[in-house]
Every structure is written in structure tokens, then in C-alpha cells.
Amino acid sequence: MMDDFRLWFRVPSDYEVSPSGDMFIAAGLFPAMVSGDDIEIESRGPISSKLFTGIMRLQEIYHCWNPVLKKIGMHGKMSVSEPKNPGVASFFSGGVDGAYTLLKHKEEITHLIYINGFDFEMKEEDFAKVITSRRRVTDSLNKTLIPVSTNLNSFMARNKIGSQLRYGSCLVSVAHLLGFPKTYIPSSQTYNNLQPNGSHPLTDPLWSNEATELIHDSAHLKRTEKTQLLIENDVIRNNLFVCWENPYQNCGKCPKCIRTMITLKILGVKSSAFPKDLSPRDIQRLRIENKLHRPYFYQNLELAKQKNNQKMLKALKKAQRRNAILLFIKDLDRRYLGEIMSRSVRYIKRRKASNMAERIMPSPEQ
Ligand SMILES: [Zn+2]
């Protein structure tokens, strides 16, 4: 129980699970930092001494990124945690980052972990279908896919922890539950473009305990570079899954689908993982004002220049100009019109905005 919430994880019975309290520390840290309450762990689930030290530094970083997150204490029995399952694990949902880490460390990685209740919450029968689809990739490389279900996302959402902040600690929680000696966390940002984020090269290793070393992998490569390296594998290319909107199939419409389709188009390759061809309108509608999404747009622009793909370069520059005009209008509205235009748009989007505004993000500006 976490306060009055029954937090659960479900893993196949072939695997041992850790009895330590470390997974609950990972799950409970942000809700506790928001409320300012200390964490008390029952004596039957001891805390790793190494993780305890890491958590003190993690709190300094998170508090510096977003002062809404207050520093708190932790109380419980200390111990040295031990590995529970042999092998090396990595997280894998079918996307570019996870697929690249899998290929890069294919000689070393033995297990891939896929979580239901992380990006999406699916019914068990639907999750089983998705697992069958992800196994096309993992079976082709002779790796074992471990399906894990949890209600961790509901717990975080109930505590108003935004997905951008919570996702790293959700991964860490599952890594500590399974207790492989080493677990890779595929990077999403690059070292030269880091923003406060739930999973970050600065923070991920600090979540390690004595049993599990957590490695933030391949932040030296842009997503376009990773894509170039993995498209040579037909099975991976035709089973890429990147969507934010639909857990079963790439929707071909959301920003993450569109930016991946743009990269593939620039590289001149087709993937049967996407339901439709990219249209000029899809590119024009891209928004690049968000700090976290902007680098991916510029990565595609740079790739189009490198590949001398004039058609795509023209389409991306048109989207860039459209975004610049929208920003200019927004600025005019703010300075001279008292935000009349913005307020009208906000009214239309009120329901969505009210949900988002309550969420705690890695930094106040996000
Ligand atoms: Zn999509």
C-alpha cells in the first residue's frame, strides 16, 4: 500500500521479484516531494544503502529543476540489495531509442522489458496482442520479452505527477522489481541538448542500487542518427512503434508519428509500420514551440540538408516559417491586444488545458 493506494505489479511467474522497498521508493519519491512528507518504509521491505545515498542527490537535482518538489527524509531498515534474475535487461516499447539500444548491445542484452500501465493502460487481452507484435522484433534477435503490468501510472496521475517527470522513476521502479544486475534505459535527448526530464543522464544512474546498475544509454546520438542505423534491419523498420495516441498501431497523425515518418521519408525508406504516406499538410501542421519537441524538428531539418533532399527541405522550411509567423502573432497579441486572441483559443481548449495545467513537470517552464 502507498498511503491508501494499492500499488501492484504483475510479472510472468518465471521471474523472481525483489522483496526490497526500492521499487516503492522510486514510485513514491515524487508524490512525497510534492506533499513534503517523509517516506516511511515498512521493515519487511528494506531500503538499499546505495539507493538511499543516490536519492539524497536526486532530490537536490529535482528541487533545483522545479522548487515545487521539496526535499524530504526517508525512514526504514537499510540493507544491501541483491540481484534477483540473471542476464542484462533493457526497456523496449518498439520505438527508435529502445530498438537502437537493443541493436547496439545485442551481444549483451538478454531480456527486454515492456510495460503496460506506462505510456498506455491496456486491458490484458489487448496487451497480449501488442506483446505478440513486439515479439516479432525480440524473437528475431533471440531475446526474451518480459511483459510487465502495473497501475503505477494511475498512482502518479492521482498525485498530479506529469508524464514527463514520472516516466524515468516508473522505469526504475520496474527495474528494481526485476533486479537484473544491469538494466539499460534508452536515452531520448542528446548530451548537447539536455532539458530537465524524468529520464536524464544525470539522474538515471543515481537510481541504481547494489543489485541493479542503471545505465542511461546512447545520449550521444540524435534520434535521426539512431533511425539511420536501425532501418537496415527490415524486421525493426517494419515493426517500429512510436505513437503517443494509439497503443495498438501507429496513428500516422500525432507529432511523434509524423516526425518519425519525416525521417524515414528523408532517408528514402518505407516502413509498413505506418498506416499512410506522409502528406505535405502533415509537415506544415507540425508545431515546434515546445522545448522538448523542438530538437527533433531541427534534427530532421539537418538530415534533409545532409541528404540534399530538396523536396523535404522545402516542406520543413515552410513549416518553420509558419511557426515563426504564429509566434510573431502570439507576441503581438501579448504586447498590444491584451491576449484577446490567446484567450479565445484557450477557451476552446479549456478542458485539455485544465488537465495539463495541474500536472507537475520536471521544470516550471515546461
Ligand atoms: Zn501517432
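As a reminder, the structure under discussion sits directly above these lines.
Residues numbered from 1 in each chain as written. Predicted model: local features only at pLDDT ≥ 70, side-chain atom pairs only at ≥ 80, totals over all residues.

Chemist: Where do I start with the overall build of the chain in this structure?
Modeler: Looking only at helices and strands, one finds 14 helices and 10 strands in the chain. Taken over the C-alpha trace, the chain has a radius of gyration of 21 Å; the compact-globule value for 366 residues is 21 Å, and the two agree within 12%. Taking the principal axes of the C-alpha coordinates as reference, the chain spans close to 60 × 55 × 40 Å. Here the chain holds 366 residues, and the buried ones make up 40% of them. At a minimum sequence separation of 6, the contacts of the chain that also span at least 24 residues come to 75%. (Helix = DSSP H or I, 4+ residues; strand = E, 2+ residues; numbered from the N terminus. Rg over C-alpha atoms; globule rule 2.2 N^0.38 Å. Buried ≥ 20, exposed ≤ 12 C-beta atoms within 10 Å, placed from the backbone. Contact = placed C-beta atoms within 7 Å.)

Chemist: Help me understand the pairing of strand β6 (residues 88–91) in this model?
Modeler: Strand direction decides the pairing type here: β6 and strand β9 (residues 182–186), joined by three bridges, are parallel. Directly across from S90, in β9, lies its bridge partner Y184. The pairing of β6 with strand β7 (residues 111–116) spans three bridges and is classified as parallel. Bridged to S90 within β7 is L112. This β-α-β element, β6 to helix α3 (residues 96–104) to β7, shows right-handed connectivity. (Pairing = 2+ DSSP bridges. Right-handed = clockwise from strand over helix to strand, strands pointing away.)

Chemist: Can you help me understand the pairing of strand β8 (residues 144–150) in this one?
Modeler: Across a regular strand the side chains alternate sides, sitting on one face of the sheet and then on the other. Across two bridges, strand β1 (residues 9–10) lies against β8 in antiparallel orientation. Bridge pairing in β8 places F9 opposite T150. As paired strands, β7 and β8 are joined by six bridges and run parallel to one another. If you follow H111 over to β8, its bridge partner there is T144. Regarding topology, helix α4 (residues 124–140) serves as the crossover connection from β7 to the parallel β8, and that connection is right-handed.

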